[in-house]
Amino acid sequence: MTGATRTTKRVFSGIQPSGGLHLGNYIGAIRNWVEEQDRYENIFCVVDQHAITVDYDPAQLRSHTRQTVGLYLACGLDPERCTIFVQSHVPEHTELAWLLNCVTPMGWLERMTQFKEKSAGGGERVSTGLFTYPVLMAADILLYQADGVPVGEDQKQHVELARDIAARFNRLFGDTFTVPEPWIRPVGARVMGFDDPSRKMSKSADGQYHSVALLDEPDQIRRTIMRAVTDSERDIVFNPERPGLFNLLTVFQALSGQSKQEIETHFAGQGYGHLKRELADLVIAALEPIQARYRDITADPARIDQLLARSVARLRPIVDDTMARVRVAMGHR
Ligand code: ATP
Ligand code: LTN
């Protein structure tokens, strides 16, 4: 069944287990999935095959994959309302990626800004997988005939590419895929590094004070936020031209739910130290229940294994239906 004939929209999104999840992943992605889980049919993936496109350690990948599943649950995704699974447990993702590789012009991939950034200066360490990464991502989305893909700003170009690939496939081989849309929230779609507000907060960036990880201890969270790079001005206002301050205020806005106006009034006449202390308290309070649930969930490792096995079984009919149609459309059956 494609999107045109469904009454409830289907959502698909994913996160790479390339390190510990951080506040950007939470505010830009997971929190929005949790808030809207009642409205849609939800499929959330831990994309472990995307995480091997750059240098990595297999033992760490294994442990980050489980940690990411645990954090999805701890952040509030409910396995009754969401299907949570690991990409490599469904081999059709890579099968479909190959087929889509053959309908994707190379020029489309050469334009991807994430590839340009991640490959710069990498020489022979730049794998072919890093180049075709967006095609695997398109396969993830199109395999499930997703209507909406809730992501942070940095993934907009990749979701648009998935749209273009779906449309091209449908034109060449007949109507097969739902053409998906990126869903990006106006606030918090691009959280910046606390140590350098010109860089997106990222799992793979170095620097002790770059990000706040969801599992960081309160002391570490406070240290990172207190050291956050700002500027030498004084007044506390939302001004994108003061990126360090703007980032702190954006995180405050996302976690407090207050309006820009309320926040500016609240901090009127106060200094950066005061803002940072209140922000640290807010972040610690937001993460505390997540960390407590995470400890609880991971106390029983079998629970995650059972959930993952059940998810694969639940997804099977959708996967089989899409792949049967693709194989016929492309002439393999
Ligand atoms: P890596 O550093 O390994 O590339 P990442 O930290 O950029 O990882 P992803 O796994 O690529 O994280 O992203 C998962 C989700 O989180 C995506 O929807 C992405 O748009 C969102 N996201 C990632 N970083 C941020 C950020 N700094 N601000 C807002 N959203 C973000
Ligand atoms: N490329 C994404 C992760 C990702 C994804 C997806 C997101 C892989 N497949 C499908 C949404 C839908 C990233 O955040 N780096």
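Each remark here, short or long, concerns the structure printed above.
What counts and how
- Residues numbered from 1 in each chain as written.
- Chains lettered and ligands numbered in written order.
- Predicted model: local features only at pLDDT ≥ 70, side-chain atom pairs only at ≥ 80, totals over all residues.
- Heavy atoms only, no water.
- Salt bridge = Lys/Arg side-chain N within 4 Å of Asp/Glu carboxyl O.
- Helix = DSSP H or I, 4+ residues; strand = E, 2+ residues; numbered from the N terminus.
- Buried < 20%, exposed > 50% of the residue type's maximum accessible area, 1.4 Å probe, protein only.
- Polar contact = N/O pair within 3.5 Å; in protein donor to acceptor, adjacent residues only side chain to side chain.
- Contact = heavy atoms within 4.5 Å.
- Axes fitted to C-alpha atoms, helices over the stretch in contact; angles between N-to-C directions.
- Left-handed = near helix turned anticlockwise from the far one by under 90°.
- Nonpolar A, V, L, I, M, F, W, Y, C, P; charged D, E, K, R; others polar.
- Near = heavy atom within 4 Å.
- Areas by Shrake-Rupley, 256 points an atom, 1.4 Å probe, with all protein chains shown as cover.

Asker: Explain the pattern of salt bridges here, please?
Answerer: Pairing is possible between side chains that carry opposite charge, provided their charged atoms lie close to one another. By the definition in use, this model includes 21 salt bridges. Note that arginine 310 is salt-bridged to glutamate 80, the shortest N-O span being 3.8 Å. Of this pair, arginine 310 sits in helix α12 (residues 301–330) while glutamate 80 sits in the loop between α2 (58–74) and β3 (82–86), placing them 230 residues apart in sequence. Overall, arginine 310 belongs to the partly exposed group, its relative accessible area being 39%. Judged by relative accessible area, glutamate 80 falls into the exposed class, the value being 57%. One network of salt bridges, in which partners are shared, links Asp231, Glu233, Asp235 and Arg242.

Asker: What should I look at first to understand the side chain of asparagine 42 in this one?
Answerer: Note that asparagine 42 resides in strand β2 (residues 41–46). Since its relative accessible area comes to 3%, asparagine 42 is described here as buried. A polar atom in the side chain of asparagine 42 sits 3.0 Å from the backbone oxygen of tyrosine 40. Setting aside chain neighbours within four positions, we find asparagine 42 in contact with Val11, Glu36, Gln37, Arg81, Cys82 and Thr83.

Asker: What should I look at first to understand the packing of helix α3 (residues 92–101) against helix α6 (residues 128–143) in this one?
Answerer: A pair of packed helices can be characterised by two numbers: the angle between their axes and the separation between those axes. Across the interface, α3 lies against α6 with an axial gap of 8 Å and an inter-helix angle of 115°. For the element pair α3 and α6, the recorded crossing hand is right-handed. Within the contact between the two elements, α3 uses Glu92, His93, Thr94, Leu96, Ala97, Leu100 and Asn101 and α6 uses Thr132, Val135, Leu136, Ala138, Ala139, Asp140, Leu142 and Leu143. Residue composition of the contact of α3 with α6, grouped by class: nine nonpolar, four polar and two charged.

Asker: It is not clear to me how the site of ligand 2 should be interpreted in this structure. Could you clarify?
Answerer: Among the 13 residues in the neighbourhood of ligand 2, the closest are listed as Gln16, Tyr133, Met137, Asp140 and Gln155. The side chain of aspartate 140 places a nitrogen or oxygen atom 2.6 Å from a nitrogen atom of ligand 2. Protein coverage of the free-state accessible area of ligand 2, which is 360 Å², stands at 92%. For the shell around ligand 2, the elements supplying multiple residues, two or more each, are β1 (10–15) and α6. No other element matches α6, which puts four residues into the shell around ligand 2. Among the residues forming the shell around ligand 2, the class breakdown is seven nonpolar, five polar and one charged.

Asker: Explanation requested: the site of ligand 1 in the structure shown.
Answerer: Near ligand 1 there are 22 residues, and of these Lys118, Asp154, Lys200, Ser202 and Ser204 occur at the shortest range. At 2.6 Å from an oxygen atom of ligand 1 is found a side-chain nitrogen or oxygen belonging to lysine 118. Surface burial for ligand 1 is 97%, taken as the share of its 600 Å² of free accessible area covered by protein chains. Counting residues per element, the shell around ligand 1 draws most heavily on helix α1 (residues 23–35), which supplies four residues. Class assignment for the residues of the shell around ligand 1 results in six nonpolar, eleven polar and five charged.

Asker: What's the story with unusual backbone geometry in this structure? I'm lost.
Answerer: Negative phi values dominate among residues other than glycine, just as trans dominates among peptide bonds. Residues other than glycine seldom take positive phi values, yet glutamine 145 does so here, at roughly 55°. Mapped onto the elements, glutamine 145 comes out in the loop between α6 and β4 (148–150).

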